[in-house]
Amino acid sequence: MKLLIDDARLDEIKKIYEFYPVAGVTTNPTILSKIGGNPFETLKKIREFIGEDAQLHVQAVSRRAEKIVEEAWHIAKLLGTNTYVKIPAVPEGFKAMKILNETSEIPFTATAIYTPMQAFIAGQCGASYAAPYVNRIDNMGFNGLTVAKDIQQIFERNFMETEVIAASFKNSQQVLELCKCGISAATLSPEIFIALVKNFAIDSAVEDFISDFENFAGKDKTMLDFQ
Ligand code: G3P
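Novice: Would you explain the site of the ligand in this entry?
Specialist: Around the ligand, a shell composed of Asp6, Asn28, Lys86, Tyr133, Arg136, Ala167 and Ser168 is seen. Within the side chain of Asn28, one N or O atom sits 2.9 Å away from an oxygen atom of the ligand. Taking Arg136, its side chain carries an N or O atom lying 2.7 Å from an oxygen atom of the ligand. Residues of the shell around the ligand, tallied by class, amount to two nonpolar, two polar and three charged.

Novice: What's the story with helix H11 (residues 200–217) in this structure? I'm lost.
Specialist: Residue pairs spaced three or four apart in an α-helix point in one direction, given the helix's 3.6 residues per turn. Between its first and last C-alpha atoms H11 spans 26 Å; for 18 residues at 1.5 Å apiece the expected length is 26 Å, and the two agree. Backbone nitrogen of Ala201 and a side-chain oxygen of the N-cap are separated by 2.8 Å at the start of H11; the cap is Asn199. At the exit of H11 stands Gly218, carrying a positive phi of roughly 115°.

Novice: It is not clear to me how the sheet that holds strand S3 (residues 55–59) should be interpreted in this structure. Could you clarify?
Specialist: Sheet strands line up and pair through hydrogen bonds in the backbone, either parallel or antiparallel. Read once around its circumference, the closed barrel built from eight strands follows the order S1-S2-S3-S4-S5-S6-S7-S8, with strand pairing classed as parallel. On average, adjacent strands in this sheet sit at an angle of 30° to one another, irrespective of strand direction. Here strand S6 (residues 129–132) pairs with strand S7 (residues 163–166) via two bridges, running parallel. By the bridge assignment for S7, Ala130 is matched with Val164. Sitting on the sheet, helix H3 (residues 39–50) touches strand S2 (24–26), S3 and strand S4 (83–88), and the angle it makes with S3 is about 165°.

Novice: Please explain helix H6 (residues 116–124) as it appears in this structure.
Specialist: Every buried residue belonging to H6 is among Gln118, Ala119, Phe120, Ala122 and Gly123, and all of these are buried. Looking at the packing, one finds that the buried side of H6 touches helix H5 (91–103), strand S5 (108–113), S6 and helix H8 (144–157). Gly126 lies just past H6 and shows a positive phi near 100°.

Novice: Just checking my understanding: could you explain the pairing of strand S1 (residues 2–6) for this structure?
Specialist: Along any regular strand, the residues point their side chains to alternate faces of the sheet. Across the five residues that make up S1, a large majority, four, are buried. Where S1 lies against strand S8 (residues 185–188), four bridges are found, and the strand directions are parallel. Paired with Leu3 across the two strands is Ala186, which belongs to S8. Both S1 and S2 contribute to a ladder of three bridges, which runs parallel. Each residue of the ladder has a partner; that of Asp6, found in S2, is Thr26. Since S1 and S2 lie parallel, the crossover through helix H1 (residues 10–19) that links them has a hand, and here it is right-handed.

Here is what the cut-offs are and how they apply
Residues numbered from 1 in each chain as written. Predicted model: local features only at pLDDT ≥ 70, side-chain atom pairs only at ≥ 80, totals over all residues. Heavy atoms only, no water. Near = heavy atom within 4 Å. Polar contact = N/O pair within 3.5 Å; in protein donor to acceptor, adjacent residues only side chain to side chain. Nonpolar A, V, L, I, M, F, W, Y, C, P; charged D, E, K, R; others polar. Helix = DSSP H or I, 4+ residues; strand = E, 2+ residues; numbered from the N terminus. Expected span 1.5 Å × (residues − 1). Pairing = 2+ DSSP bridges. Axes fitted to C-alpha atoms, helices over the stretch in contact; angles between N-to-C directions. Contact = heavy atoms within 4.5 Å. Buried < 20%, exposed > 50% of the residue type's maximum accessible area, 1.4 Å probe, protein only. Right-handed = clockwise from strand over helix to strand, strands pointing away.

Have a look at this one:
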């Protein structure tokens, strides 16, 4: 399962990149609204930092298909290769996906997915990824993990190349459950990313090893101090 960061704060993105394996960054209009200003200033800085090989997902916001297509070309032009245009999985979005699929090489991610059939239709329209919103589905009284797993199964059983990029998490357990099922990708807030491996018992075990070593070797001594 590829892990991406669902955030546009460059300082937070840098912190996660320093310590963890990251396949890219996803954004949405709400995330960009928290930064403010010209969204492309923010996005270009992110692209510069993550490099051209990493994925960057950026959402189109037009309501009509033709405008979504125009936005897609604009986004792809300004942010380069490996930029995935996020398109809501609604009828105008499907229309835009079909046009892009037939007339361009621009990869796109179907977003705002709450039901498996949205993902199936988006896949048929040529989406590279479909993004079910796990936690938001839970909040509606359904099971977000089940929806994500169903979508993965639909893609596999219909021999579709579309991948799941699960989004909207509230805890690391949800990520673990999808990891166990071989879900293709998940995009996480920096807080959830850190929570994947945050555990008092782990920290305590590592600290014990260090203090045991220092007890016989001396404070701040490491293996470098011995031959
Ligand atoms: O980017 C879409 C998705 O990640 C939204 O997550 O946390 O706003 O439900 P959230």
